[in-house]
Amino acid sequence: MNKEWLSIAQCLNTHPILFEKPTYKIKYLNVLEYFVGKYSKEDVFSKELLNVYKEKLLDGVAYSYNVKDIRKAAKGATGLKFKGYKLFSYRYNLLFDCFFINSFLNKEKAQKMVKEIKEIFHSRYHNKINQLFDVLYNGTPANGYEMLSEQLKCWTSNKKHLEKSLRKILITANMSAGKSTLINTLIGKKVNRTQNDACTAKIHFIFNKPFEDDYSYEWDYNLDLNASLKELMEDNPQNVENEISVGTYFRTETIPKERICIIDTPGVNSSLDKHHQELSYDIIKSNDFDRLVCVLNASNIGTFDDQAHLQFLADNVKDRPIVFVVNQLDKFDKDEDDIDECIEKVREDILSYGFENFYICPVSAYAGLLAKKQMYGESLSEMEKIELQMFILKFNDNYSVMKKYFMFDRDESIKAKEDETLNEKCRSLLKKSGVLNLEKILFE
């Protein structure tokens, strides 16, 4: 399976037959199962997408597949009237789903399916079937398909998304630099474990979707298009490969101009397994990425491990543009710690290894993560709520120092208002903590 298919978003949350009776839904799914079995028997993505349809539409209702009575089931499924419309029925939603599950952007397969689909539809609908095919695969205007408005919007968004170029952002660091927290912050949700000792030697490819569909995908030996947080946090022991791929919507304030793939690499100084370093170094040396981000721990600059990693990068990718993220500045107090001194120390170290094309970006990934959790309705523990309020206050001070190192918004004056809502304060915190600056550097 092509990993980039993990960038496709679903449109099940607004599916029109969600409110129909289970008996009708089963007939509907019988037809989808028939076409998947015939046209996508070896297609892992199509088969798993059908399973997600079953889970969503039936929600625990027992399902049976009647292969012998498929034509009768199909005619039953296409015969009910669409509520609220006099001229249209679910037949076109069914047709759309057959295409979306089996032949998205595969025009040749869709043409084969159309021929058989017409056999279970009355001839009076054949022209409309041809027209819908032209809408999806030839780009003709979608006139007269009001019942498909959300599904067509989904198709168009996915199509435009997959037509964009892919920007690969490789992120590397020593352990304890906060790399996983930074990745979760950029994505706006937890997809990576942050416990160093639990991490295994795997390269994670994380693809963004065009819109939020409330589904996270994972390809880890098996393909799961409805992966739970528990499944995302636990590697499948059956996967003997070095890769895990994930697809999810990135909750960012900066809308990426390209498709994004964040490549997460194991910590290069892991004491658990030297294979972690080998795996990370191999993919860095492959040069198969567009942006390289090296994360450094602001409270632990200049360690032997940092020096060794900088030397490796200088020996292998010195000529590539590199973003050095100085992370964990939430641990700095303006009155006791010198952010300027920290940044200048990093700059001196980088220059001493011969880097010329680089940018230093100070951030607090953890402050940004808590801000996004609040903004997007994620639950926060009582301690996280306290920490969030503390960061809002702390970065009112730290921003005055940090902003001069920002590429974006560094000259903008941001003052807290007494009547600001918590979400407005969190959006301001994204800017003051450096997360928004980093988003713009990486995604624009």
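As a further point, take the pattern of salt bridges. Taken as a whole and assessed by the stated rule, the structure comprises 21 salt bridges. Between lysine 3 and glutamate 243 there is a salt bridge, with the nearest N and O atoms lying 3.4 Å from each other. With a gap of 240 residues between them, lysine 3 in the segment before helix H1 (22–39) and glutamate 243 in strand S5 (residues 243–248) connect regions that are remote in the sequence. Judged by its relative accessible area of 37%, glutamate 243 is partly exposed. Among the salt bridges present, the one from arginine 427 reaches glutamate 253, with a minimum N-O distance of 2.8 Å.

Our focus in this paragraph is the packing of aromatic side chains. The tally for this structure, following the rule as stated, stands at 23 aromatic pairs. With 6.4 Å between their ring centres and 80° between their planes, phenylalanine 45 and tyrosine 217 make a pair best called edge-to-face. One end of the pair, phenylalanine 45, is in helix H2 (residues 44–58); the other, tyrosine 217, is in strand S3 (residues 217–220), and 172 residues separate them in sequence. Across the pair, exposure class does not vary: phenylalanine 45 and tyrosine 217 are buried alike. With 5.6 Å between their ring centres and 90° between their planes, phenylalanine 99 and tyrosine 137 make a pair best called edge-to-face.

What follows is about the nonpolar core. Leu32, Phe35, Tyr53, Phe99, Phe100, Phe324 and Phe355 are the most contacted members of the largest nonpolar core, which has 112 residues in total. Here this core takes 10 residues from H1, the largest share from any one element. Those residues within four positions of tyrosine 53 in sequence are excluded, and the remaining contacts are Leu12, His15, Leu29, Leu32, Leu58, Asp97, Phe100 and Ile101. One finds Ala173, Val191, Tyr359 and Cys361 within the second-largest nonpolar core, a separate group that totals 29 residues.

Of all six residues making up strand S8 (residues 322–327), six are buried, and the element is well covered by its neighbours. Burial along S8 is two-sided: the face carrying Ile322, Phe324 and Val326 and the face carrying Val323, Val325 and Asn327 are both buried. Both strand S7 (residues 291–297) and S8 contribute to a ladder of six bridges, which runs parallel. Within the sheet, the bridge partner assigned to cysteine 294 lies in S8 and is phenylalanine 324. A crossover links S7 with its parallel partner S8, the connecting element being helix H11 (residues 304–317), and its sense is right-handed. Sheet topology places S8 next to strand S9 (residues 358–362); five bridges connect them, and they run parallel. Bridging from a neighbouring strand, phenylalanine 324 pairs with isoleucine 360 of S9.

What follows is about the environment of leucine 393. Mapping leucine 393 onto the fold places it in helix H14 (residues 382–402). What makes leucine 393 exposed here is its relative accessible area of 58%. Along the primary structure leucine 393 and lysine 425 are separated by 32 residues, whereas in three dimensions their C-alpha atoms are 9.8 Å apart.

Bringing the side chain of aspartate 330 into the picture now. Looking at where aspartate 330 falls in the secondary structure, it is placed in the loop between S8 and helix H12 (339–352). The side chain of aspartate 330 is buried and forms no salt bridge, while lysine 331, the nearest opposite charge, is found at 6.0 Å. A polar side-chain atom of aspartate 330 sits 2.7 Å from a polar atom in the side chain of serine 364. With sequence-adjacent residues up to four places away left out, aspartate 330 is seen in contact with Ser364, Tyr366, Phe391, Lys394 and Phe395.

The subject of this paragraph is the environment of isoleucine 117. Looking at where isoleucine 117 falls in the secondary structure, it is placed in helix H5 (residues 107–120). Those residues in contact with isoleucine 117 that sit more than four places away from it in its chain are Phe35, Leu95, Cys98 and Ile129.

Attention shifts here to the environment of valine 61. Examined against the element boundaries, valine 61 turns out to sit in the loop between H2 and helix H3 (70–77). Along the sequence, valine 61 and threonine 23 sit 38 residues apart, while their C-alpha atoms lie 9.6 Å from each other.

The interhelical angle for the contact between H1 and H2, taken along N-to-C directions, is 180°, at an axis separation of 11 Å. Taken together, the axes of H1 and H2 lie roughly antiparallel to each other. Every residue of H2 that contacts H1 at Pro22, Lys25, Ile26, Leu29, Leu32, Glu33 and Val36 is listed here: Ser46, Lys47, Leu50, Tyr53, Lys54, Leu57 and Leu58.

Quick look at the confidence of the model for the chain now. Mean pLDDT over the chain works out to 88, with 89% of the residues at or above the 70 mark. Below pLDDT 50 for its whole length, residues 82–88 participates in 15 contacts with residues either more than four positions away or in separate chains.

Pairing is mixed across the open sheet formed by nine strands, whose spatial order is S4-S3-S5-S2-S6-S1-S7-S8-S9. The outermost strands of the open sheet, each flanked by one partner alone, are strand S4 (222–224) and S9. On average, adjacent strands in this sheet sit at an angle of 20° to one another, irrespective of strand direction.

Calculation rules
- Residues numbered from 1 in each chain as written.
- Predicted model: local features only at pLDDT ≥ 70, side-chain atom pairs only at ≥ 80, totals over all residues.
- Heavy atoms only, no water.
- Salt bridge = Lys/Arg side-chain N within 4 Å of Asp/Glu carboxyl O.
- Helix = DSSP H or I, 4+ residues; strand = E, 2+ residues; numbered from the N terminus.
- Buried < 20%, exposed > 50% of the residue type's maximum accessible area, 1.4 Å probe, protein only.
- Phe/Tyr/Trp six-rings, centres within 6.5 Å; stacked < 30°, edge-to-face > 60°.
- Core = buried A, V, L, I, M, F, W, Y, C linked by side-chain atoms within 4.5 Å.
- Contact = heavy atoms within 4.5 Å.
- Pairing = 2+ DSSP bridges.
- Right-handed = clockwise from strand over helix to strand, strands pointing away.
- Lys, Arg positive; Asp, Glu negative; His and termini not counted.
- Polar contact = N/O pair within 3.5 Å; in protein donor to acceptor, adjacent residues only side chain to side chain.
- Axes fitted to C-alpha atoms, helices over the stretch in contact; angles between N-to-C directions.
- Parallel < 35°, antiparallel > 145°, perpendicular 65-115°, else oblique.
- pLDDT = per-residue confidence, 0-100.

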